[in-house]
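Notes for the structure review
Read off the chains here:
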Amino acid sequence: MTLLKELESRLAAALTTTLGEPTTAAVTAAADLRFGDYQSNAAMVLAKQRKTNPRALAQEIIDKLDLDGVATADIAGPGFINFRILPAAYQARAAALVRDPRLGVPATGEGRTVVVDFSAPNVAKPMHVGHIRSTIIGDSLARIARFLGFNVIADNHIGDWGTQFGMIIYGWNHFLDEAALAENPIAELVRIYRKTNAIKEEPGILDACKNELVKLQAGDPENLAIWEKSIEFSKIGLQKIYDRLDVKFDHWHGESFYNDRLAGIVDEFLETGLARESNGAVCVFSGGELAKEEDPFMVHKEDGWTDNPAIIRKADGGFLYATTDLATIQFRIDEWKADHVWYVVGVPQQLHFRQLFDAAARWGKTGDFQHVQFGSILGDDRKLMRTRSGENVGLVEVLEEAVERAAKAIAEKNPDLQGEEAAQIAEIVGIGAVKFAELSQNRLTDYVFSWDRMLALQGDTAPYLQYSHVRIRSIFRKLDAPFDATAAEIHLNEEAEIHLARLLVRFGEILPVVLEDFRPNLLANYVLELARAFHSFFEACPVLKSEEPIRSSRLALCDLTSRTLRQGLDLLGIAVPERM
RNA sequence: GGUCCCGUGGUCCAAUGGAUAGGACGAUGGCCUCCGAAGCCGUAGGUGGUGGUUCGAUUCCACCCGGGACCA
């Protein structure tokens, strides 16, 4: 049990005794260390309900509170109950963590399956910076869920059956350079796509592309062969980027995987009355009893039904994203037995997902569906970056530049590092910087793309965290014999030591909260705080030069810090170099 | 027209309805005969506006101003 949960449980016992009925209340980390380590506003909330004096109620609660040597409690301000953890309790907790491979993290997800749907680029198009958020945030959420004990299925729902194939096939037939294709298949695919896209306004071209698309969808063997090849080449290119980012998927079930299920689903929706025709299109309307009445987004007509349906078959017979996504939900729920499905997709898709989840519920596909949305990356004009706008920056380009800047920094700060080793470190540091820049802020925030922002190496960045880890390991390199942290006793005397322990103990409290609202930035903030606490400790408290038993205690704290930091970074998908 | 999101020091970002709003960059002042200065310790500087709910509002509600998105 985490320290926070223990306080909550002791507080609940006191509340229950005081009020004479089962009562629980939340404890949170104190906003300010001046007030203690943890705090609860239970007395203020309950006093309001009961119309009594909050401070008096707080006193009653504290009188009943059995903290058993873990903490002391007092009342402050309008009726806060503040807890101060005793150093002995931190010592005991830290000592237990030193021996705990899970670093105090509870397995809250055990027995549940979650599908994380992220990245999902269109094939035969270059990935640009706009794809970075879904890929990095999704990967981190998958890693965290896995560590919390969920059975995680990472699924890359690639766009491998979109209308872009009309243009790709047209380009393939008219502009393909066989030699270039053999040389660099992805670049050639992108070239023919762009070339076709550039001339699509010319008379007849768009129709020709549409014609190729129709032939493909009708199963024309020649077009199918072209389609298959371009998918194959694209996947190789994508895989290279994922390898570099250390992002792994369990499946790549793209749109085409569900093609043969779409017609049946539309028929089923029509037969069961879940959908009806409107102007030739098959539509799923939301509203009625299943809709939440207070939700104006889904219900805004007087009769209680939306005039804004999800279309699952167009008047011309074509299927849409909504149709494919319904098939995907069916597969994930029925085949994979998913309890949760998290879609890491941008804010602009909000309406689509609300309609989709609504339709799935009507269909009887029950599960916890979450649209984990994120804000947009904007260009200098504060407009959304789009694939076709010329100024857009390629993802590979960003990674290259990041690694280059990291290499420059290494040459400057640590010229002893040379050759292959320096190159490897530059890769780890550069990629880490990009990932951390993304993960350390609230996912809903829009931001204007900036090289300096995304590739910063100073301040609140991955290199700072990586450097912290390197510094800790460097202490252990100086030891003559291997150090066994599990044999050490923990002694906390200096304020810096206590603060470090305070943060180490919180690792297990932070992670479940990250998944409550899908906010990896909370974990990012935590590791930053931990690294700062370590640096302060390290300045104030000599480790190798101190006397036993303090020396062993501090070494054990260093060991625990390095493991916690490394685990935290790993959950953000950020690697740590040996040296830097 | 309908719906959604966002306005926080010069800049970029944090903050389950809680206390004196945190951090980084930039600016500025210190610290390398002492476990690696990609570091540490200081200083200055902030919630778009008007009301409302509340013991308490950056957070919730209404309207306004400004930026963006989706659907039609």
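Below or above, wherever it landed, is the structure these notes cover. (Residues numbered from 1 in each chain as written. Chains lettered and ligands numbered in written order. Predicted model: local features only at pLDDT ≥ 70, side-chain atom pairs only at ≥ 80, totals over all residues. Heavy atoms only, no water.)

1. Some details on the packing of aromatic side chains
As a reminder, the rule being used: By convention, a stacked pair of Phe, Tyr or Trp rings (six-membered ring in the case of Trp) has centres within 6.5 Å and planes under 30 degrees apart, an edge-to-face pair has planes over 60 apart, and any other such pair is tilted. Only protein chains enter the accessibility calculation, which uses a 1.4 Å probe; a residue is then buried when its area is under 20% of its type maximum, exposed when over 50%, and partly exposed in between. Here, a charge over a ring is recorded when the distance from Lys NZ or Arg CZ to the ring centre is within 6 Å and its angle to the ring normal is within 35 degrees.
Enumeration according to the criterion identifies 22 aromatic pairs in this entry. Note on Phe 249 and Trp 252: the rings are 5.9 Å apart at their centroids and 70° apart in plane angle, and the pair reads as edge-to-face. Taking relative accessible area as the criterion, Phe 249 reaches 14% and is therefore assigned buried. The structure contains a cluster of three or more aromatic residues connected by ring pairs, namely Phe 118, Tyr 242, Phe 249 and Trp 252. Directly above the aromatic system of Phe 285 lies the positively charged group of Arg 276, at a separation of 4.0 Å from the ring centroid. Cation over ring: Arg 453 sits above Tyr 447, and NZ or CZ is 4.3 Å from the ring centre.

2. Some words on the pairing of strand S6 (residues 151–155)
We apply this condition: Strands here are runs of E lasting at least two residues and helices are runs of H or I lasting at least four, both read from the DSSP assignment and numbered beginning at the N terminus. A pair of strands is labelled paired if DSSP reports no fewer than 2 bridges between them. Orienting the strands away from the viewer, one traces the path from the first strand over the helix to the second; a clockwise path indicates a right-handed crossover.
Of all five residues that make up S6, four are buried, and the element is covered over most of its length. For strand S5 (residues 113–117) and S6, the ladder comprises five bridges, and the chain directions are parallel. Its bridge partner being in S6, Val 116 is matched across the sheet by Ala 154. For the crossover that starts at S5, traverses helix H5 (residues 132–147) and ends in the parallel S6, the hand is right-handed.

3. A look at unusual backbone geometry
A cis geometry characterises the amide bond from Glu 548 onward to Pro 549, with omega recorded as 5°. The topology assignment puts Pro 549 in the loop between helix H19 (520–540) and helix H20 (550–571). Positive phi, close to 40°, is recorded for Ala 120, a residue that is not glycine. Residue position: Ala 120 is located in the loop between S5 and H5. Assessed through its relative accessible area of 32%, Ala 120 is described here as partly exposed. Phi at Asp 246 is positive, roughly 55°, even though this residue is not glycine. Within the secondary structure layout, Asp 246 lies in the loop between helix H10 (221–245) and helix H11 (262–271).

4. Re the pattern of salt bridges
Test applied: Any carboxyl oxygen of Asp or Glu that lies within 4 Å of a side-chain nitrogen of Lys or Arg is treated as forming a salt bridge with it.
On inspection of all chains with the given rule, the structure shows 28 salt bridges. Arg 191 is paired through a salt bridge with Glu 188; the nearest N and O atoms lie 2.9 Å apart. Taken together, the positions of Arg 191 and Glu 188, both in helix H8 (residues 185–198) and three residues apart, correspond to about one turn of that helix. Owing to a relative accessible area of 34%, Arg 191 belongs among the partly exposed residues under this scheme. Residue Glu 188 is classed as buried on the basis of its relative accessible area of 3%. The partner of Glu 212 in a salt bridge is Lys 215, with the nearest N and O atoms 3.8 Å apart. Of this pair, Glu 212 and Lys 215 are both found in helix H9 (residues 205–217), three residues apart, which corresponds to roughly one turn of the helix.

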